[in-house]
Amino acid sequence: MASRRPSERRGSDRRGSGMSSRRPSIDPWRLIPMDKVSHVGGSDDFNVVFIGAGNIMFGSDEGPWNHSFRFEHKLGRRLKVVALIDPAIERATAVLQKKCDSFVVSAYQDTRVFKTLEDFVKNMAPRDRPRAVIVGSPPMFRGSTQPGRDIEIQILKYFPGVAMFIEKPIATGPAHEIEDGFKIAKMITDTKTICSVGYMLRYLKAVQMMKQIIEENNLTVMSTIARYACAYTAISKPDWWDKSKSAGPVIEQGTHFCDLSRYFGGEVDIATVSAHSLEWDENAGQLSKMTIDESKIAPENRIPRVTAANWKYDSGAVGSFTHVVALQGTDYSCELEVYADGYSLKLVNPYVQPVLYIRKPGDDHEQTIRFPDDDPFFSEVSNLIDIIEDIEEDPDAAQILSTYEDAVRTYELTWAIRQASERSRAAKMEASAKAAEAAKAV
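Residues numbered from 1 in each chain as written. Predicted model: local features only at pLDDT ≥ 70, side-chain atom pairs only at ≥ 80, totals over all residues. Heavy atoms only, no water.

Caption draft 1: View of the sheet that holds strand S15 (residues 367-370). One open sheet accounts for 8 strands, arranged S9-S10-S11-S8-S12-S13-S14-S15; its pairing is mixed. Two strands bound the open sheet, and with one partner strand each, they are strand S9 (274-278) and S15. Averaged over all pairs of adjacent strands, the angle between strand axes in this sheet comes to 10 degrees, irrespective of strand direction. Sheet analysis places strand S14 (residues 355-359) next to S15, joined by 4 bridges and oriented antiparallel. Pairing of isoleucine 358 across the sheet is with glutamine 367, part of S15. Helix H8 (residues 205-216) contacts strand S8 (221-231), strand S12 (333-340), strand S13 (343-348), S14 and S15 of the sheet and is inclined by roughly 170 degrees relative to S13. Its contacts with the sheet place helix H13 (residues 404-441) against S9, strand S10 (306-312) and strand S11 (318-327), and it is angled at close to 65 degrees to S9. (Pairing = 2+ DSSP bridges. Helix = DSSP H or I, 4+ residues; strand = E, 2+ residues; numbered from the N terminus. Axes fitted to C-alpha atoms, helices over the stretch in contact; angles between N-to-C directions. Contact = heavy atoms within 4.5 Å.)

In structure tokens, the structure reads:
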């Protein structure tokens, strides 16, 4: 591995999440496996605050997420988790004990648990000031300017200049609070705060290879086609099935593929978004193997089984996305296709074992490239730490691939899809009611 050097530009304009001297993409061959990476050198401690003691931060059997694991491997013995913030003190204490009973005890032996960030600030010694705050609490507690749901603003207030990592989606609040997200994004940009949002699929080797092909061949994307089919029998969390709590599957789950669509297609003309849905009370929407009791959820808050949307990008290109709640078992089925003049790029199974199918001019046969053991979660964390430490391997080092403002735009798109599908359903129901009344009058 090439030796790393501190940049001579420390403290320059590059501290913001839009660092102009860094590339908006990453050479895919620089995204190396976690077990092949050397820890960032140095003897100084790297203080971190974790907000949220749940599955996102500490892992579970339901998926590959586990931010603490990636920080441990990136920073090694330098990692010091100075505080774990979670109102569920017992859960936080339990996960902390597991860490202290393991080989990473040095990172957690002095960690203190607090209910709120404010409690930590009141009890913080100068030596505990963090270099990064990692937010993995539920999205209903972030992305807003409202007290109690404004964790980003609290971090900016108490720790100016300290880097942030925010899980996706940036919020699941009401649609009218989308503007709050843009206000927070401006605060982050204006203060030149390093901030990365957890759209980890951007960090896949396959995705960066797709970017590389587009850039090297000076291609203009014509169309993006995304599909996300989840295995609903593996989703046993009641809140996920309740739109009033999770905001619905497109916003909470399909957001990754809406984000990838934007990553390739560019900005979306929100006014062009149209969508249709298959709802729970329609014949085709009946599910036979649900693991939750949907009758306990108010009918108006039950999630759609299918949402299909399309839109125009500002470039003139066309995008589409379909989310499906239909599969059983545990494996999901997800694909993204990107088309440009002469080229077809198809990403399959990005969450587990990504496969990229490439068709180029002059050859009707697809080239197949597999990416075993790729870990975009680690690549995302690794890139963030390198930027915080201002370490580069060369002048083409990458910038944050998902800034806060970018993430708000993805959030805006997912809400636009949900609202368009609800308008379509309302129009259909109104038309059906009118037809029924007309039939009675005959």
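Now that the structure is up, let's keep going.
Caption draft 2: How the structure looks around the side chain of lysine 243. Following the sequence through the fold, lysine 243 ends up in helix H9 (residues 243-246). Owing to a relative accessible area of 12%, lysine 243 belongs among the buried residues under this scheme. Contact partners of lysine 243, with chain neighbours within four places excluded, come to Gly248, Glu300, Asn301, Arg302, Ile303, Pro304, Arg418 and Glu422. (Buried < 20%, exposed > 50% of the residue type's maximum accessible area, 1.4 Å probe, protein only.)

Caption draft 3: Focus on the nonpolar core. Counting 85 residues, the largest nonpolar core has Phe50, Trp241, Trp311, Phe321, Leu336 and Ile417 as the members making the most contacts within it. Beyond its immediate sequence surroundings of up to four residues, tryptophan 241 is in contact with Tyr232, Ile235, Leu287, Met290, Ile292, Glu294, Ile297, Asn301, Arg302, Ile303, Arg305 and Val325. Membership of the second largest hydrophobic core comes to 34 residues, among which are Ile51, Tyr199, Ile251 and Tyr411. (Core = buried A, V, L, I, M, F, W, Y, C linked by side-chain atoms within 4.5 Å.)

Caption draft 4: Geometry of the packing of aromatic side chains. Tallying each qualifying case throughout the model produces 12 aromatic pairs. Each ring, one from tyrosine 228 and one from phenylalanine 257, has its centre 5.7 Å from the other, and the planes form 90 degrees; the classification is edge-to-face. Of the two residues, tyrosine 228 is situated in strand S8 and phenylalanine 257 in helix H11 (residues 255-265); the sequence distance between them amounts to 29 residues. Side by side, tyrosine 228 and phenylalanine 257 carry an identical accessibility label, which is buried. Here the aromatic rings of tryptophan 311 and tyrosine 313 are separated by 6.2 Å at their centres, their planes lie at 85 degrees, and the arrangement is edge-to-face. (Phe/Tyr/Trp six-rings, centres within 6.5 Å; stacked < 30°, edge-to-face > 60°.)

Caption draft 5: Highlighting the packing of helix H2 (residues 67-75) against helix H12 (residues 376-388). Between H2 and H12, the shortest axis-to-axis distance is 9 Å and the interhelical angle comes to 50 degrees. Here H12 runs oblique to H2, going by the angle between their axes. H12 is crossed by H2, and the crossing has right-handed handedness. Listed contacts from H12 to His67, Arg70, Phe71, His73, Lys74 and Leu75 of H2 are Phe377, Phe378, Glu380, Val381, Ser382, Ile385 and Asp386. Of the residues contributing to the contact of H2 with H12, the split by class is 6 nonpolar, 3 polar and 4 charged. (Parallel < 35°, antiparallel > 145°, perpendicular 65-115°, else oblique. Left-handed = near helix turned anticlockwise from the far one by under 90°. Nonpolar A, V, L, I, M, F, W, Y, C, P; charged D, E, K, R; others polar.)

Caption draft 6: Representation of the pattern of salt bridges in the model. Going through the model one piece at a time under the given rule, you end up with 27 salt bridges. Ionic pairing is found between lysine 243 and glutamate 422, a salt bridge with its closest N-O pair at 3.2 Å. You can see lysine 243 sitting in helix H9 and its partner glutamate 422 sitting in helix H13, a full 179 residues away along the chain. Each member of the salt-bridge network shares a partner with another, and the members are Arg202, Asp259, Arg262, Glu267 and Asp406. (Salt bridge = Lys/Arg side-chain N within 4 Å of Asp/Glu carboxyl O.)

Caption draft 7: Structural context of the sheet that holds strand S2 (residues 46-51). Pairing in this open sheet of 6 strands is parallel, and the strands run S4-S3-S2-S5-S6-S7 from one edge to the other. Two strands bound the open sheet, and with one partner strand each, they are strand S4 (112-114) and strand S7 (195-197). Each strand of the sheet is rotated relative to its neighbour by a mean of 20 degrees, with strand direction disregarded. In the sheet, S2 pairs with strand S5 (residues 132-135) via 4 bridges, with the strands oriented parallel. Bridge pairing in S5 places valine 48 opposite alanine 132.

Caption draft 8: Examining the environment of aspartate 314 more closely. Inspection of the secondary structure assignment puts aspartate 314 in the loop between S10 and S11. Expressed as a C-alpha distance, the spacing of aspartate 314 and proline 238, which sit 76 residues apart in the sequence, is 38 Å. Ignoring anything within four residues of it in the chain, the contact list for aspartate 314 reads Glu267, Val268 and Asp269.

Caption draft 9: Examining the confidence of the model for the protein more closely. Of all residues in the protein, 90% attain a pLDDT of 70 or more, and the chain-wide mean is 91. Predicted confidence is poor over residues 1-21, with pLDDT under 50, and the contacts of this stretch with residues over four places away or in other chains come to 45 contacts. (pLDDT = per-residue confidence, 0-100.)

Caption draft 10: Quick peek at the packing of H8 against H11. The interhelical angle for the contact between H8 and H11, taken along N-to-C directions, is 20 degrees, at an axis separation of 11 Å. On the basis of the axis angle, H8 is roughly parallel to H11. Handedness of the crossing formed by H8 with H11: right-handed. Between H8 and H11, the contacting residues are Val207, Gln208, Met210, Lys211 and Ile214 on the first element and Leu260, Tyr263 and Phe264 on the second. A per-class count over the contact of H8 with H11 returns 6 nonpolar, 1 polar and 1 charged.

Caption draft 11: Quick peek at unusual backbone geometry. Here lysine 168 and proline 169 are connected by a cis peptide whose omega angle stands at -20 degrees. Unusually for a residue other than glycine, asparagine 349 sits at a positive phi of about 55 degrees. Here asparagine 349 is to be found in the loop between S13 and S14. Of the residues examined, asparagine 349 reaches a relative accessible area of 27% and is grouped as partly exposed.

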